[in-house]
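Letter by letter, the chains look like this.
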Amino acid sequence: MRRWNGWGETEIDYPVPDTASRYLESLIGVGEVVPDATLETALAQAPASRLPENPAYTTAALNRLHHARGQSLPDWIALRHGQIGAFPDGVAYPQTVPEVAELLRLAQQKHICLIPYGGGTSVLGHINPLAGERPVLTIDMRRMNHLLSLDKKNHLAKFEAGASGPEVEASLSAQGYTLGHFPQSFEYSTLGGWVATRSSGQQSHLYGRIEDLFLGGRLETFYGTMELPPFPDSAAGPDLRQLVLGGEGRIGILTQATVRVRPRPVFERYAAAFFPTWEHGLEALRRAAQERIPMGMLRLSDATETETTLILSGKKRLVGAARGLLNAAGYRTERCLLVYAIAGETRTAQQSLSRLKSLLVACRGLLVGQWIGKMWKKNQFRTPYMRNTLWELGYALDTIETATTWEQAPVLAARVQAAICATMEEQNQQALAFTHVSHIYETGANVYTTFIFPRAADPAATLERWQAIKRAASLVIVKEGGTISHQHGVGVDHAPYLSYEKSAVGMKMLAVLHECMDPDDLMNPGKLI
Ligand SMILES: Cc1cc2nc3c(=O)[nH]c(=O)nc-3n(C[C@H](O)[C@H](O)[C@H](O)COP(=O)(O)OP(=O)(O)OC[C@H]3O[C@@H](n4cnc5c(N)ncnc54)[C@H](O)[C@@H]3O)c2cc1C
């Protein structure tokens, strides 16, 4: 069963070793451990629904609670402390396109706000109803989760948009194919959610981001259906897919998506290397991207993330031995870990692997075989569960991410981390911040920073700490040449920073489009724009 107030399945835990809690305590002190609110307490807060009874949706409090919040840190604070805020007034679970169209008609007639909902894994407040006068109906798309067709000759698969990661891959892999889209939220996030937030998966360097995979689909809007044919490519004016990608449920509901698929790779190798410094690792990745070596997943951790990963692994003896060997080889306090994968057809993948290995060695990479890579693969979707454990130890964990040029990537990483730590110091608190790069391009890379800070006893104080950090780090990003989001989207939390990169004219274009498609501002109000 899925946790209602945290990440993942209730039967799965991610224990951290005592050494890890001692490590955190020595760096950032101890957080306040306040018991979680019970489900009953949270449910008791559900106000009476403002929607009339209708068989098209439910107004049951439990369903409304399950759709009230996503996975951002403010969401966690709200859920764990039982201070939910606004609830949707109802939840619909359509199973067909006409049912979705009917819900749109109903919303327009009765002035009901609609929130399209995929897996609810948004980390930016995308699916949260905002307080207001008008009733809110969440449209949960997860019953529309089927593979509609697989065209093997043309490598095209058409899905209903509510299919989750495991559903997409299970139906394709049964026929020898893969989409290759593996965000860390894979267990729950959906194809529609990926498209609506411009998601990037862990293997996106090989398979492409969702915008490279999403070729067409069907969008239900207040003006009817928009069909996007899956052409191989087209020069017929502006590409309307780009309005759906990153649309965040503001102009319509994606009911079907046609995506590019590939035969499943026969060769897959996960491995790791250490570099003497992060700069050495970044240089290796820049060259790999510019020499177009088709890596699968990759993750280059900075020195702090490397050390933290080794400590959190709990493999004390193994890590101790590895440390000794690395020190002896001259890879000391600034050492950085790169975990990578190469996948594909055996001969070409092996060629890529040998090109990559030569390049890593040329950049002073120390190849350490497959065990760390295999461990990464095993825990691929498990690490988010650690957030539950850390919360229970009194710590809040969140991430902030951007993309920028190769030149600016280390600068931005250092400044974002400095802004996070300085913000906490102003409040006489400490934060631990570390960064990795996991998506690379010829022109630059993403910069993904994780931060951990002690929780306060008062949820409002924990929220204030987070707000101050988020503001400071976001301003550093937008003022220093980064995008406000490389992969998580905009939602509520990034909306104040969008104009920095879209310009006043760009913001006007978005607003005009939205006003035209949704004059009553019913579609996911308060998000994105
Ligand atoms: C632990 C964790 C790890 C994550 N890792 C990654 C990662 O590796 N890469 C990454 O890109 N993101 C990641 N995310 C963020 C999140 O998973 C993505 O933004 C994901 O794409 C959201 O998909 P979803 O189905 O859960 O959408 P939801 O959270 O339900 O919705 C997100 C937005 O999409 C809209 N939407 C959803 N479905 C539709 C539809 N059918 N039609 C129109 N609009 C729709 C919603 O209205 C909302 O605005 C992570 C999140 C968590 C909690």
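The structure under discussion appears in the preceding block.
A.B. asks: How should I be thinking about the packing of aromatic side chains in this particular structure?
C.D. replies: The final tally for this structure, using the stated rule, is six aromatic pairs. Ring centres of Trp-7 and Tyr-188 lie 5.1 Å apart, and the angle between their planes is 80°; this geometry places the pair in the edge-to-face category. Of this pair, Trp-7 sits in the segment before helix H1 (18-28) while Tyr-188 sits in the loop between strand E6 (177-178) and helix H7 (191-197); the two residues are 181 residues apart in sequence, bridging distant segments of the chain. Of the two residues, Trp-7 and Tyr-188, both sit in the buried class. Cluster of aromatic residues (ring-pair linked, three or more members): Phe-182, Phe-186 and Phe-381. For Arg-2, the ring lying beneath its charged end belongs to Tyr-188, and the centroid distance is 4.0 Å. Over the aromatic face of Trp-76 sits the side chain of Arg-387, whose NZ or CZ is 4.7 Å from the ring centroid.

A.B. asks: Where do I start with the sheet that holds strand E3 (residues 136-140) in this structure?
C.D. replies: Strands sit in the order E1-E3-E2 across an open sheet of three strands; the sheet is parallel. Lying at the two open borders of the sheet, with one neighbouring strand each, are strand E1 (90-92) and strand E2 (113-117). Across the sheet, the mean angle separating the axes of adjacent strands is 25° when strand polarity is ignored. By the bridge criterion, five bridges tie E2 to E3 in an arrangement that is parallel. Looking across to E3, one finds that Ile-115 is bridged to Thr-138. In the packing of helix H5 (residues 97-110) onto the sheet, contacts are made with E1, E2 and E3, and the angle to E2 comes to roughly 155°.

A.B. asks: Could you clarify how one ought to interpret the site of the ligand in this entry?
C.D. replies: Around the ligand sit 35 residues, and of these Pro-116, Gly-118, Thr-121, Ser-185 and Thr-190 come closest. The backbone of Pro-116 places a nitrogen or oxygen atom 2.6 Å from an oxygen atom of the ligand. The fraction of the free accessible surface of the ligand (970 Å²) that becomes covered by protein chains is 96%. For the shell around the ligand, the secondary structure elements donating two or more residues are E2, H7 and strand E9 (253-260). When residues of the shell around the ligand are assigned to their parent elements, the largest contribution, five residues, is made by H7.

A.B. asks: Teacher, can you tell me more about the environment of Ile-253 here?
C.D. replies: Examined against the element boundaries, Ile-253 turns out to sit in strand E9. Residue Ile-253 is classed as buried on the basis of its relative accessible area of 1%. A C-alpha to C-alpha distance of 33 Å links Ile-253 and Asn-379, two positions 126 residues apart in sequence. Non-local contacts of Ile-253, meaning those with residues more than four positions away in its chain, are made with Val-100, Leu-104, Pro-116, Ile-139, Met-141, Arg-218, Leu-219, Glu-220 and Met-523.

Thresholds applied
- Residues numbered from 1 in each chain as written.
- Predicted model: local features only at pLDDT ≥ 70, side-chain atom pairs only at ≥ 80, totals over all residues.
- Heavy atoms only, no water.
- Phe/Tyr/Trp six-rings, centres within 6.5 Å; stacked < 30°, edge-to-face > 60°.
- Helix = DSSP H or I, 4+ residues; strand = E, 2+ residues; numbered from the N terminus.
- Buried < 20%, exposed > 50% of the residue type's maximum accessible area, 1.4 Å probe, protein only.
- Lys NZ or Arg CZ within 6 Å of the ring centre and 35° of its normal.
- Pairing = 2+ DSSP bridges.
- Axes fitted to C-alpha atoms, helices over the stretch in contact; angles between N-to-C directions.
- Contact = heavy atoms within 4.5 Å.
- Near = heavy atom within 4 Å.
- Polar contact = N/O pair within 3.5 Å; in protein donor to acceptor, adjacent residues only side chain to side chain.
- Areas by Shrake-Rupley, 256 points an atom, 1.4 Å probe, with all protein chains shown as cover.

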